[in-house]
Amino acid sequence: MRQVAYYKGCLASLSAKELDTSTQALAPKVGLELIELEAVTCCGAGDIHEAEPDYYLHLNARILAYAEETGADTLMTICNVCTLNLRQANHALQNDAALLARVNENLVTVGAPPYSGGVEVMHFLWLISVGEGYELLQTAAHKGLKGLKVAPFYGCQILRPSKLLGFEDPDKPESLERIIRACGGEAIDYPAKVKCCGFPIIQAREDVALAELIQPIEQAKEAGADAMVTPCPLCHLSLDAWQSKLRKQTGKDFQMPILHLSQLVGVAAGLDSSELKFKRHVVSVEPVTEKLSV
Amino acid sequence: MKMALKIWRYDPIAGERALREYEVDAPDWATLLDLLDIVKDKHDGSLAYRKSCRMMICGSCGMRMDGAAVLACKTRMVDIAESGHVPVISAMGNMPIVKDLVVDMEPFWGKIRSVEPWLQPGYSDPGEKEYVVSQEEMDVIHKESLCIMCGCCVSECNSMEADPEFLGPAALAKGMRFVGDARDRATVERLQSYSSEHGIWDCTRCYFCQERCPKGVDPRDAIAKLGAEAMRVGVDSDMGAKHAKWFVTSAKTTGWLRETELVPKTQGVAKSLKEVKFAMGLLKHGKVPPPVPPHVAKHVDESRALYDLVKAQERSGAQGIVQSEKALAHLALDTDEDRDPYGEGSFPAPLPIEKDAQ
């Protein structure tokens, strides 16, 4: 088992608990032992980076420091936005000794551990789409998706800016497709899979956000997808919960089930419904579970 | 060597689009712009595209290759040709096509003009000596000053596609270039203007601009700097600003985002009451976690103390982002680790140090 520090972030702690339970249940099957971080806070979701950037840097340094304290060399995230925010802060701290020294002095002053720069931030998707995680996934996903047509939706902040993320080609990613195929599903291709779901501005600029949100759902539907899968709980929330608003605004009722990455693999790996928690979705996942007879 | 490319042609008179393939003989150092020149000179003189300096400084030759905005003069073609792939060249997005690869940049320039891209000094003649701007002060706008206004960022902007009136990454980065200028005195007025309906808070953080910018301007970071400056001077009444502020409040009170209160804190109580029906739909599925008792992080007193501590250290506003730019800059360098910098075909190797001379 590979030990990783586990940062679940805000949404998986509350409104997207199904992401946390399915990730925790799936982890041992793909060779990961999760050490959950308790004394950590929100990464700021890009909002604190914009409102109080110095505070953002310190909050993320504190998360990295607590991750390092576990002894693991990897901090695993399950959210695109957490991934970018943490990697950005980590790069800044790892490459500027004076900056790191100042931040550490502040961390120690408030009673937090200092950070030495020894942690790498990796999204769960990256850990299971290549290498040992991928090998184990192929075995674990034995129940299979039986040809289910799945549209991968990457979202933004796991791909761009690629100089900070850099796991795969931001214009032609294929990690989700590899996983869908490994689970026995059929990966549906459509142009908007790398575009934005609109979530960051869905409250402040709802019309603009909805105009962004409709693209991937509409394209996935037209391409014949049975469901969409995303590695980001924020994308999940907008794709799933705001579909009703799209219906109200455009009259189009997509009824597109949206799965978290850990749920998609979890279904294929035979996780229990108490771990998958599909009832917590706004758009019913029943068409998927019926098709797979689970 | 033989190099092939497909070009989306557009004839504005007939209103017809067509994908045409061309194969040309080109030297292996050829850029995309060189290929277009060869096509125009030897194959089809009617091909339209913009160019001028050929050295990544005039910003004329922005276009798309395989769907991604690039500067044609910066894009070497040898690897693509050797791979056998035939790239598809098309005009940039989010602007009207005039002919073939030429777009009408007027909407772009209109937005640039609207941010008033000139210095508003507001101080008197310095007299005998000049005012000195320190290097530290210039660092704040170093990246924004690199913009060549090619439009590659605007071409891919997801928010502008959804809201064509969005000021967009190029104009906002230009705005930051003046907000952050130590000589400019119109900071508050500028931030009020840029915080309007189609301004700073319209950005959805898709980071396409940052990905595409061929000059390292990092327009999304420039927009974040504007947001931070707006907060610093108290221009924070927009819903986007209130949304961002609630994350700060959450982090220093409970540590985690107080999700359920985010809607009324962003939109105000009156507007959010209209969302009750929508919220009830989410409530059924556990998507509206009860705010009481709050979900409090362990040792949250540390994040509270951290807030007060860093606040007192006065790295407020854009400085909080600028302080990381030096460290992040090394990521922008395209280093080819496989290449021996002193190998064959490179610059001369440094001479060995003579130990005795030390």
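Residues numbered from 1 in each chain as written. Chains lettered and ligands numbered in written order. Predicted model: local features only at pLDDT ≥ 70, side-chain atom pairs only at ≥ 80, totals over all residues.

### Quick notes on the sheet that holds strand E1 (residues 2–11) of chain B
Residues and elements named next belong to chain B. The strand order across the open sheet formed by five strands is E2-E1-E5-E3-E4, and the pairing between neighbours is mixed. The sheet is open, and its two edges are formed by strand E2 (16–25) and strand E4 (68–71), each paired on a single side. The average undirected angle you get between the axes of adjacent strands in this sheet is 35 degrees. Taken together, the ten bridges between E1 and E2 define a ladder with antiparallel strand orientation. By the bridge assignment, Trp-8 is partnered in E2 with Leu-19. Across the sheet, helix H1 (residues 32–43) is in contact with E1, E2 and strand E3 (62–65); its angle to E2 comes to roughly 95 degrees. (Pairing = 2+ DSSP bridges. Helix = DSSP H or I, 4+ residues; strand = E, 2+ residues; numbered from the N terminus. Axes fitted to C-alpha atoms, helices over the stretch in contact; angles between N-to-C directions. Contact = placed C-beta atoms within 7 Å.)

### What to know about the environment of Lys-242 of chain B
With respect to the helices and strands, Lys-242 of chain B occurs in helix H11 (residues 239–253). Considering only alpha carbons, one finds Lys-242 of chain B and Met-231 of chain B, eleven residues apart in sequence, at a separation of 9.6 Å.

### A closer look at the domain arrangement of chain B
Residue and element names in this part refer to chain B. Entries for chain B in the domain assignment read domain 1 (2–103), domain 2 (106–232) and domain 3 (241–322). Spacing between the C-alpha centres of domain 1 and domain 2 amounts to 29 Å. Those elements giving two or more residues to the side of domain 1 that touches domain 2 turn out to be E3 and E4. In terms of residues, the side of domain 1 that touches domain 2 owes the most to one element, E4, which gives four residues. (Domains from an automatic or database assignment.)

### Section: the pairing of strand E1 (residues 2–7) of chain A
Residues and elements named next belong to chain A. Sheet topology places E1 next to strand E2 (residues 32–36); five bridges connect them, and they run parallel. Bridge pairing in E2 places Ala-5 opposite Ile-35. In this sheet, strand E3 (residues 74–77) lies alongside E1 in parallel orientation, the contact comprising three bridges. Residue Tyr-6 lies in a different strand from E3, and its bridge partner there is Met-76.

### Quick look at the interface of chain A and chain B
Residue-level contacts link 63 residues of chain A with 66 residues of chain B. With seven residues, the top contributor of residues to the side of chain A that touches chain B is helix H4 (residues 53–69) of chain A. For the side of chain A that touches chain B, the per-class residue count stands at 29 nonpolar, 18 polar and 16 charged. (Nonpolar A, V, L, I, M, F, W, Y, C, P; charged D, E, K, R; others polar.)

### Focus: the pairing of strand E5 (residues 149–152) of chain A
Residue and element names in this part refer to chain A. Strand direction decides the pairing type here: E5 and strand E6 (residues 186–187), joined by two bridges, are parallel. In the strand pairing of E6, Lys-149 is matched with Glu-186. In this region the chain leaves E5, passes through helix H9 (residues 175–182) and returns to the parallel neighbour E6; the handedness of that crossover is right-handed. Bridge analysis of E5 against strand E7 (residues 227–230) gives three bridges, and the strand direction is parallel. Looking across to E7, one finds that Val-150 is bridged to Ala-227. (Right-handed = clockwise from strand over helix to strand, strands pointing away.)

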